[in-house]
Amino acid sequence: MSRQHTVIDSPYGPLTLVAADGTLCGLYMTGQRHRPPEESFGVPDDTPFPEVILQLDAYFAGDLKEFDLPMNLEGTAFQRSVWDQLRQIPYGETWSYGELAGRLGKAKASRAVGLANGKNPIGIIVPCHRVIGASGSLTGYGGGLDRKQRLLSFERGEDRTAGTTLF
């Protein structure tokens, strides 16, 4: 399997895009928890990423609410089921870990859902930032709680400074 990567600027800091055999398999922020080692990203090459970059630019401009990209989400069957459910959370809305577990038919698995959520390899596009604690609190986010708050505020129309990088 050949891997390529490129780094792009975003309002939330540099984003590393990773492709396996030409299909997006990773989007990582600087300082992100569970970020794989750089040497696993493959060779620097922006060839596989024009559509990804186009859609990310439209998202950050507030013009795109739902991504439509081929992706290769590498993980266990349970992790992939969680990540598939994340893509069902509407733009600008949040679900709790418990609600997400319930939608998977595993009402008592909110901790396992949280662990899978934290290992999401394609942040922003697979919107793990839209998952919150049962009390409405912003619990954990691999990219940092400050980024999570900014992404949620941006999607709710409360923060239109997305064009400004703060990280």
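Definitions and cut-offs
- Residues numbered from 1 in each chain as written.
- Predicted model: local features only at pLDDT ≥ 70, side-chain atom pairs only at ≥ 80, totals over all residues.
- Heavy atoms only, no water.
- Helix = DSSP H or I, 4+ residues; strand = E, 2+ residues; numbered from the N terminus.
- Rg over C-alpha atoms; globule rule 2.2 N^0.38 Å.
- Buried < 20%, exposed > 50% of the residue type's maximum accessible area, 1.4 Å probe, protein only.
- Contact = heavy atoms within 4.5 Å.
- Areas by Shrake-Rupley, 256 points an atom, 1.4 Å probe, with all protein chains shown as cover.
- Lys, Arg positive; Asp, Glu negative; His and termini not counted.
- Charge placed at Lys NZ, Arg CZ, Asp CG, Glu CD.
- pLDDT = per-residue confidence, 0-100.
- Pairing = 2+ DSSP bridges.
- Axes fitted to C-alpha atoms, helices over the stretch in contact; angles between N-to-C directions.
- Parallel < 35°, antiparallel > 145°, perpendicular 65-115°, else oblique.
- 1 Å grid on protein atoms, 1.4 Å probe; cavity = no way out; pocket = protein on both sides within 12 Å on 5 of 7 lines; lining within 4 Å.
- Points joined across faces, edges and corners; volume = space filled by probe spheres on them.
- Nonpolar A, V, L, I, M, F, W, Y, C, P; charged D, E, K, R; others polar.
- Arc of directions from axis to C-beta.

## Here we look at the overall build of the chain
1) Next: Counting secondary structure elements, the chain contains 5 helices and 6 strands.
2) Next: Starting at the N terminus, the α and β elements of the chain follow one another as β-β-β-β-α-α-β-α-α-β-α.
3) Next: A compact globule built from 167 residues should have a C-alpha radius of gyration of about 15 Å, and the chain, at 15 Å, falls within 12% of that.
4) Next: By its C-alpha atoms, the chain is 40 × 35 × 25 Å across when sized along the principal axes.
5) Next: By the burial criterion, 47% of the 167 residues in the chain qualify as buried.
6) Next: The contacts of the chain with a sequence gap of at least 6 include a subset with a gap of at least 24, amounting to 59%.
7) Next: When the accessible surface of the chain is split by element, carbon and sulfur atoms take 51% of a total near 8000 Å².
8) Next: Taken together, the 17 basic and 19 acidic charged side chains of the chain have centroids lying 11 Å from each other.

## Overview of the confidence of the model for the chain
1) Next: For the chain, mean pLDDT is 90; residues scoring 70 or higher make up 93% of the total.
2) Next: Counting contacts from residues 163-167, a segment whose pLDDT is below 50, to residues more than four positions away or on other chains yields 14 contacts.

## Regarding unusual backbone geometry
1) Next: Backbone geometry at Asp21 places phi at a positive 50 degrees, although glycine is not the residue there.
2) Next: Here His34, not a glycine, exhibits a phi torsion of approximately 65 degrees, which is positive.
3) Next: Its place among the elements puts His34 in the loop between strand 3 (23-29) and strand 4 (43-44).
4) Next: Look at His34 and you get partly exposed, because its relative accessible area is 43%.

## Thoughts on the sheet that holds strand 4
1) Next: The strand order across the open sheet built from 4 strands is 3-2-1-4, with neighbouring strands paired in mixed fashion. Across the chains shown, the open sheet's two edge strands, defined by having one partner strand only, are strand 3 and strand 4.
2) Next: As paired strands, strand 1 (residues 3-8) and strand 4 are joined by 2 bridges and run parallel to one another. By the bridge assignment for strand 4, His5 is matched with Pro44.

## Focus: the packing of helix 2 (residues 77-86) against helix 4 (residues 110-118)
1) Next: Two elements in contact, helix 2 and helix 4, have axes whose closest approach is 9 Å; the angle formed by their N-to-C orientations is 80 degrees. Of the possible angle classes, the one that applies to helix 2 and helix 4 is roughly perpendicular. On the side of helix 2, the interface is formed by Phe78, Gln79, Val82, Trp83 and Leu86, while helix 4 contributes Ala112, Val113, Ala116 and Asn117.

## Some points on the layout of surface pockets
1) Next: Each pocket or cavity is described by its volume, and for the second largest pocket that value is around 200 Å³.
2) Next: Tallied by class, residues from the lining of the second largest pocket come to 7 nonpolar, no polar and 4 charged.

## Some remarks on helix 1 (residues 50-60)
1) Next: Those residues of helix 1 that fall on the buried side of the exposure criterion are Val52, Gln55, Leu56, Tyr59 and Phe60. Along the axis of helix 1, the buried positions cluster into a sector of 135 degrees, meaning they face one direction only. Across helix 1 from its buried face, at more than 90 degrees, point the exposed residues Pro50 and Leu54.
2) Next: Buried residues belonging to helix 1 abut strand 1, strand 2 (15-20), strand 3 and helix 5 (145-155).
3) Next: After helix 1 finishes, the residue Gly62 shows a positive phi value of roughly 85 degrees.

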